[in-house]
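Residues per chain, in single letters:
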Amino acid sequence: MYAKFFKRFFDFVLSLLALTVLSPLLLGLTLIGAIAMKGNPFFTQKRPGKKDKSGKEKIFSLIKFRTMTNEKDDKGNLLPDEKRMVGYGKWLRSSSLDELPELINILKGDMAVVGPRPQLVRDMVFMTDEQRKRHNVRPGLTGLAQVNGRNNITWEQKFEYDLEYINSGITFKNDFLIIVKTVLKVLTKSDTVREGTVSDIDLGEWLKAEGKVSEEGFREKQIEAKELLRI
C-alpha cells in the first residue's frame, strides 16, 4: 500500500515543505555559487530514471549545485577535476548541500526522497539486466547504499544494496530509517567521496580497470550512451 499509493504523496509533500523552509538557504547558495563558479551556479546532467511502460528508463535532467568550474586548457578541453574543484565546491560536497536542488526533481516526480541513487547514462549501459532492475522504481535523493558506505563501497555492493531495498519491500519504516541514517551521515560528512579521489570513478572505467570489459567493449558502450543522450 505504501509503495503503490502513499510514497509519491509523501515525496511531494516533503519536497515542497523542504523547498519552502530551505528557500533562504537555497537563494544564498545560488548567489554565492554564481560568484564562486563565475557564472551559472547550477549543474544539470541527464540521468536514467524509472522505467516507463515500454520497459525503458526515462532519461531526466538531474539538478545540483555546481561544485566544479568550467575552466579549460589552451586546447579547449576541461581541466582535470582536481584543478576545477574550488574550495567552495569541496565544502558543498562534504556537506552534501550540492544535492539540495534535487528537491525540485522530487517535486516534479523524476525522483523520490528514498530510492536507488540515479547514476550516469554512461554507467547504466554497463549494468547487467539484473542490475538495471534498480530502475523499476524512482531513483532517490538517498538510498540504502548511501547509508551503507555511499562512495566507499564497490559498484557491485551499491547495486546489491539497491536491489535489496526493492526486493525486501518498500515500506514507510524502512524509508524513515534510511532518512534518519542519512541525516547522521550528512552531519558527520562521511563517505562523501571515495578516499584518495576528488570524484568517484565511472562504472565503465572501473570494469575496464578490473579487466571485466575490453577496450573495444568499453568504446562500444560509450557510443551507446551517447546515442541514448541524443534521444
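It should be noted that the structure appears before, not after, this text.
Quick summary incoming for the structure in this document. (Residues numbered from 1 in each chain as written. Predicted model: local features only at pLDDT ≥ 70, side-chain atom pairs only at ≥ 80, totals over all residues. Heavy atoms only, no water.)

With that settled, consider the side chain of K158. With respect to the secondary-structure elements, K158 resides in helix 7 (residues 155-167). Setting aside anything within four residues of it in sequence, one finds K158 in contact with A145, R150, N151, I153 and D200. (Helix = DSSP H or I, 4+ residues; strand = E, 2+ residues; numbered from the N terminus. Contact = heavy atoms within 4.5 Å.)

This part takes up the packing of aromatic side chains. Applying the stated criterion to the full structure yields 9 aromatic pairs. Pairing F9 with F10 gives two aromatic rings, centres 5.8 Å apart and planes at 55 degrees, and the pair type is tilted. With relative accessibility at 33%, the residue F10 sits in the partly exposed group. An aromatic cluster of at least three residues, connected via ring pairs, comprises Y2, F9, F10, F172 and F176. The lysine or arginine in question, K158, covers the ring of W155, its NZ or CZ lying 4.4 Å from the ring centre. (Phe/Tyr/Trp six-rings, centres within 6.5 Å; stacked < 30°, edge-to-face > 60°. Buried < 20%, exposed > 50% of the residue type's maximum accessible area, 1.4 Å probe, protein only. Lys NZ or Arg CZ within 6 Å of the ring centre and 35° of its normal.)

So, on to the packing of helix 2 (residues 23-36) against helix 4 (residues 87-95). Viewed as axis vectors pointing N to C, helix 2 and helix 4 meet at an angle of 145 degrees, and their least axial separation amounts to 10 Å. Facing L29, I32, G33 and A36 of helix 2, the residues of helix 4 in contact are Y88, W91 and L92. (Axes fitted to C-alpha atoms, helices over the stretch in contact; angles between N-to-C directions.)

Below, the discussion takes up the side chain of R93. Relative to the assigned elements, R93 resides in helix 4. Put simply, R93 is tucked away with no salt bridge, and the nearest opposite charge, on D98, sits 4.8 Å away. Within polar-contact distance, the side chain of R93 engages the side chain of T67 at 3.0 Å. (Lys, Arg positive; Asp, Glu negative; His and termini not counted. Salt bridge = Lys/Arg side-chain N within 4 Å of Asp/Glu carboxyl O. Polar contact = N/O pair within 3.5 Å; in protein donor to acceptor, adjacent residues only side chain to side chain.)

Taking 1.5 Å of rise per residue, the 17 residues of helix 8 (residues 172-188) would be expected to cover 24 Å, and the 25 Å separating its terminal C-alpha atoms lies within 8% of that figure. Looking only at helix 8, the buried set comprises D175, I178 and T182. Angular distribution of buried residues about the axis of helix 8 spans 60 degrees; they occupy a single face of the element. Exposed residues on helix 8 whose side chains face more than 90 degrees from its buried face are K173, L184, L187 and T188. Elements in contact with the buried residues of helix 8: helix 1 (2-21), strand 3 (112-114), strand 4 (140-142) and helix 7. At the C-terminal side of helix 8, K189 shows a positive phi close to 55 degrees. (Expected span 1.5 Å × (residues − 1). Arc of directions from axis to C-beta.)

The backbone of K38 shows a phi angle near 55 degrees, a positive value even though the residue is not glycine. At S96, a residue that is not glycine, the phi angle is positive and equals roughly 65 degrees. Of note, S96 is situated in the loop between helix 4 and helix 5 (102-108). Classification of S96 by relative accessible area gives buried; the value is 10%.

It is worth spelling out the pairing of strand 1 (residues 42-51) at this point. Here strand 1 pairs with strand 2 (residues 57-65) via 8 bridges, running antiparallel. Each residue of the ladder has a partner; that of F43, found in strand 2, is K64. Hairpin connection between strand 1 and strand 2: a loop of 5 residues separates the two successive antiparallel strands, and G55 in this loop has a positive phi of roughly 90 degrees. (Pairing = 2+ DSSP bridges.)

As a packed pair, helix 1 and helix 2 sit with axes 4 Å apart at the nearest point and diverge in direction by 65 degrees. Contact residues: L19, T20 and V21 in helix 1; S23, P24 and L26 in helix 2. Across the contact of helix 1 with helix 2, the residue classes break down as 4 nonpolar, 2 polar and no charged. (Nonpolar A, V, L, I, M, F, W, Y, C, P; charged D, E, K, R; others polar.)

Turning to the pattern of salt bridges, a few remarks are in order. Considering all chains together, one arrives at 18 salt bridges under this definition. Put simply, E57 and R132 hold a salt bridge, and the shortest N to O gap is 2.9 Å. On the criterion of sequence distance, the pair formed by E57 in strand 2 and R132 in the loop between helix 6 (121-124) and strand 4 is long-range, its members being 75 residues apart. Its salt-bridge partner being E227, residue R230 comes within 2.6 Å of it at the nearest N-O pair. Of this pair, R230 and E227 are both found in helix 10 (residues 215-230), 3 residues apart, which corresponds to roughly one turn of the helix. Residues joined in a network through salt bridges with shared partners are K64, D98, E99, E102, R117 and R150.

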